[in-house]
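# Structure at a glance
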Amino acid sequence: MPDLEELIKTYKQKITASKEEEKYKNEVIEPNVNEIFNKSFKDVFKTIIETLNQKVNSNVISYKLESKNRFSIEGKFHRIIFQIGKTEIINSMISVNIIPLCIWKGVTKHLGPISFIKDLETDCLKWDLPVRSVESYAKILLGKLAEDEDFYM
């Protein structure tokens, strides 16, 4: 049976480690994830949608920021929500899933998975997309929606 002093020491170590992990998560991981999601993903959609709406002189697609980890694009019957999912940390690698959900006339469908991995040591960012870039992904997705007559406002 462990004595009380050993238990106290063990719990203090756990508390210290937990505080250090939380600090690392808040000061290193979350800022990196938010910067990538905002600048390399969300802003790509926002720029393309704003340009498209301006060029066609109509608000055919609306872009809505719902929180720091979530945004949506919307047409008449479609709404696609993109939100940050689970973040995993392995050594100096951050792996993040982005969950795209399509709501069409009240039915929710999961779109294909999107994820990225960032190596904090080399600052290398790699996307796992069905196409070569986030911009291509956004254009293809918006193109598919444009072909659907229900999407227009």
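Up top is the structure these notes are about.
Anyway, here's the lowdown on the structure attached to this text.

What counts, and where the lines are drawn
- Residues numbered from 1 in each chain as written.
- Predicted model: local features only at pLDDT ≥ 70, side-chain atom pairs only at ≥ 80, totals over all residues.
- Heavy atoms only, no water.
- Salt bridge = Lys/Arg side-chain N within 4 Å of Asp/Glu carboxyl O.
- Buried < 20%, exposed > 50% of the residue type's maximum accessible area, 1.4 Å probe, protein only.
- Helix = DSSP H or I, 4+ residues; strand = E, 2+ residues; numbered from the N terminus.
- Contact = heavy atoms within 4.5 Å.
- Phe/Tyr/Trp six-rings, centres within 6.5 Å; stacked < 30°, edge-to-face > 60°.
- Core = buried A, V, L, I, M, F, W, Y, C linked by side-chain atoms within 4.5 Å.
- Expected span 1.5 Å × (residues − 1).
- Bend = angle between axes of the 7 residues up to and from the residue.

### Comments concerning the pattern of salt bridges
Within this structure, the stated rule accounts for seven salt bridges. The shortest N-O distance in the salt bridge between Asp 123 and Lys 118 comes to 3.0 Å. The exposure class assigned to Asp 123 is exposed, which follows from its relative accessible area of 54%. The salt bridge involving Lys 139 is made with Glu 135; its shortest N-O contact spans 2.8 Å. With Lys 139 and Glu 135 both in helix 2 (residues 134-147), this residue pair falls four residues apart, about one helical turn. Sharing partners across several salt bridges, the network here consists of Glu 66, Arg 70, Glu 74 and Arg 79.

### A short note on the environment of Lys 23
Relative to the elements of secondary structure, Lys 23 occurs in helix 1 (residues 4-56). Classification of Lys 23 as partly exposed rests on a relative accessible area of 49%.

### As for the environment of Ile 48
Looking at where Ile 48 falls in the secondary structure, it is placed in helix 1. The spatial distance from the C-alpha of Ile 48 to the C-alpha of Ile 90 is 33 Å, given a sequence separation of 42 residues. Non-local contacts of Ile 48, meaning those with residues more than four positions away in its chain, are made with Glu 135, Ala 138, Lys 139 and Leu 142.

### Here we look at the packing of aromatic side chains
Aromatic ring pairs: the centre-centre distance and the angle between the two ring planes describe each pair. As enumerated under the stated definition, the model contains twelve aromatic pairs in all. Considering the side-chain rings of Phe 41 and Phe 45, the 5.3 Å spacing of their centres and the 55° angle between planes classify their relative orientation as tilted. Highlighted residues: Phe 41 and Phe 45, both in helix 1, separated by four residues, approximately one helical turn. Take Phe 41: its relative accessible area is 0%, and that puts it in the buried class.

### Side note on the nonpolar core
Where a protein is soluble and globular, its nonpolar side chains tend to be buried together. Grouped together as the largest cluster of nonpolar side chains are 29 residues, with contacts concentrated most on Phe 41, Phe 45, Ile 73, Phe 82, Tyr 137 and Leu 141. Broken down by secondary-structure element, the contributors of at least two residues to this core are helix 1, strand 2 (70-74), strand 3 (78-90), strand 4 (93-104), strand 6 (114-119) and helix 2. Broken down by element, the residue count for this core peaks at nine residues, all from helix 1. Non-local contacts of Leu 141, meaning those with residues more than four positions away in its chain, are made with Phe 45, Ile 73, Ile 80, Phe 82 and Leu 111.

### Looking at helix 1
Counted at 1.5 Å a residue, the expected span for helix 1 with its 53 residues is 78 Å, and the 73 Å between its end C-alpha atoms agrees. Of all the bends in helix 1, the largest measures some 40° and sits at Asp 43. After helix 1 finishes, the residue Asn 57 shows a positive phi value of roughly 55°.

### A few points about the environment of Arg 79
Here Arg 79 lies in strand 3. Between the C-alpha atoms of Arg 79 and Ile 103, which are 24 residues apart in sequence, the distance is 5.1 Å. Residue contacts for Arg 79: discarding those within four places in its chain leaves Glu 66, Ser 72, Ile 73, Glu 74, Leu 101, Cys 102 and Ile 103.

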